[in-house]
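One letter stands for each residue in the lines below.
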Amino acid sequence: MNGMHARDENDHGEDGFGHEEFEDDGHLGGDTPARTFAALPPAQGRGFATSWWGQTWLKSLEDTALDLQQLKAGRRLARAGSVGAVSVRPGRITAVVTDRDRTAHRADVMLQRLDEEEWDRLLDMAVESAGHIAALLDRDMPPHLVEDAAAAGVELLPGIGDLEPQCDCGSWDHCGHTAALCYQLARLLDQDPFVLLLLRGRGERELLDELQVRSVSRAAPAAPEPEFAAPAGVSALEAYGAADILPALPAAPALPEAPGTPPALDTDTAPAPGVDVAGLELLAARTAAAAHRLLAEALAPEHDRQPVPAHPTLSQDAVRLAAGEPNTAQSARLAAGTGRDPEDLRRAVRAWEWGGHAGVDVLDDVWTPDPAALARARGALETEWDAAERPALSRSGNRWTDGTHGVQLRLSPEGRWWPYRKERGRWEPCGPSALDPAAAYAAAMGNDEG
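Cut-offs used in this document
- Residues numbered from 1 in each chain as written.
- Predicted model: local features only at pLDDT ≥ 70, side-chain atom pairs only at ≥ 80, totals over all residues.
- Heavy atoms only, no water.
- Buried < 20%, exposed > 50% of the residue type's maximum accessible area, 1.4 Å probe, protein only.
- Helix = DSSP H or I, 4+ residues; strand = E, 2+ residues; numbered from the N terminus.
- Polar contact = N/O pair within 3.5 Å; in protein donor to acceptor, adjacent residues only side chain to side chain.
- Expected span 1.5 Å × (residues − 1).
- Phe/Tyr/Trp six-rings, centres within 6.5 Å; stacked < 30°, edge-to-face > 60°.
- Lys NZ or Arg CZ within 6 Å of the ring centre and 35° of its normal.
- Pairing = 2+ DSSP bridges.
- Axes fitted to C-alpha atoms, helices over the stretch in contact; angles between N-to-C directions.
- Contact = heavy atoms within 4.5 Å.
- Parallel < 35°, antiparallel > 145°, perpendicular 65-115°, else oblique.
- Nonpolar A, V, L, I, M, F, W, Y, C, P; charged D, E, K, R; others polar.

Examining helix α15 (residues 437-445)
Across the nine residues of α15, seven count as buried, placing the element largely inside the fold. For α15, the set of buried residues is Pro 437, Ala 438, Ala 439, Ala 440, Tyr 441, Ala 442 and Ala 444. With a side-chain oxygen positioned 2.9 Å from the backbone nitrogen of Ala 438, the residue opening α15 is Asp 436.

So, in structure tokens, the structure goes:
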């Protein structure tokens, strides 16, 4: 399986680490066997995840951990090959991590399993699209699969605070050992997204069997619906005339499968002077897509607890509109309206595709880190590579450049590193941001974890 060696464990004997396996404690799946993956070789100078879902896993870790020094320690241990075989089971991953002084620690990281109702919604969503099943069989987890699952109320990838650490070193937060385990798991997730689904509660064979059963059931002719009399209505006058009751709110609307199709404006009637028909059609289509996305987010669990995103600037919104509209009259208008030439707009769209509004900001902004931020950046660059492997980087403002290899790292005010590569004499964004400068550098160099 793509270079990984896995075995099933159906008993509760030794787990291969010299420890007794945990019994099912309400977080683990007693009927779903664990899989154990052999220790991976060292990853010196490389990023830990090339897939977007592996990077999302690491972002959850990096956004949650309170001590960045522990994250750095974990990256060093993972790069050095200090993480032993990794056991993955519903709700928990486990490995023995060896410190540089050869002290071994058992590290565990827990992730909440999906309940039966969530699995039911997820499986129903998956059989709606043959593409979802085909992607999983191809060891892929495309964004639209995760977005459709979220729209169905099922969060597959972990968010901030979802990864709960436990280590026998006694740390109450993520320590270097649990961080190393998470970085190592990101490499496994790159090769097989079924690892994440097992962690959420279902093994690969179990999932595929259930999907097959549901697919066959959907293909069978449906039984005729029984006829029921429509429920009697309630008079609005009677309902609102009562002093102590109000009618129950209706159920939330179901999410449409796709955004609505705006009406065609290309009619026999000539448009009024100054009306750009093509521009209006573009705005209508993008508005429908944005409304569909907003409705999906509003129907997701705990939507009311999510922070309100900042309103985009005119320039940022123009880049968003230009995405997917290359070499058209509309993209030329958007470029002119925001003070960019077509080539600048193309680069901005590329930055937006890698990192949204934050990616565009990094493309446009040049700033000089204050002494404290500069010291943190230098410390990160010095600790992520051994001295012999550290690339030669020259700094100008918030940009560190390796002129020999045509690679540049740009530091954002939030402390994240963005990779750039020199193409045709211009610096082009070439990957998502990372808290780890070595991962951003690897993305710019095109390193492959496989």
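Once the structure has been displayed, the description carries forward.
Considering helix α3 (residues 116-127)
With twelve residues, α3 extends 17 Å between its outermost C-alpha atoms, agreeing within 8% with the 16 Å of an ideal straight helix rising 1.5 Å per residue. Taken residue by residue, α3 has Trp 119, Leu 122, Leu 123, Met 125, Ala 126 and Val 127 as its buried positions. Residue Asp 115 occupies the N-cap position of α3, its side-chain oxygen lying 3.2 Å from the main-chain nitrogen of Glu 117.

Quick notes on the packing of aromatic side chains
As enumerated under the stated definition, the model contains three aromatic pairs in all. Measuring from centroid to centroid gives 5.0 Å for Phe 48 and Tyr 183, while their planes differ by 45 degrees, and the two rings are tilted. Here Phe 48 is found in the loop between β2 (34-37) and α1 (52-64), whereas its partner Tyr 183 is found in helix α6 (residues 176-191), with 135 residues between them in sequence. Like Tyr 183, Phe 48 is buried. Here the basic side chain of Arg 410 rests over the ring of Tyr 420, its NZ or CZ set 3.9 Å away from the ring centre.

A look at the sheet that holds strand β8 (residues 399-402)
With antiparallel pairing, the five strands of this open sheet are ordered in space as β7-β8-β9-β10-β11. Strands with a single pairing partner mark the edges of an open sheet, and in this sheet they are β7 (394-396) and β11 (426-429). This sheet shows a mean twist of 30 degrees between the axes of neighbouring strands, independent of strand direction. Inspection of the sheet shows strand β9 (residues 407-411) paired to strand β10 (residues 417-423) by five bridges, in the antiparallel sense. Along β10, the bridge assignment pairs Arg 410 with Trp 418. Strands in contact with helix α13 (residues 342-364) are β8, β9, β10 and β11; relative to β11, the strand with the most contacts, it is inclined by about 45 degrees. Along the sheet, helix α14 (residues 371-383) makes contact with β7, β8, β9 and β10, crossing β8 at roughly 30 degrees.

Here we look at the packing of helix α10 (residues 277-299) against helix α11 (residues 314-322)
Contact pair α10 / α11: the axes reach a minimum separation of 11 Å and the direction vectors enclose 95 degrees. One way to sum up the angle between α10 and α11 is to call them roughly perpendicular. Every residue of α11 that contacts α10 at Leu 282, Leu 283 and Arg 286 is listed here: Arg 320, Leu 321 and Ala 322. For the contact of α10 with α11, the residue count by class is four nonpolar, no polar and two charged.

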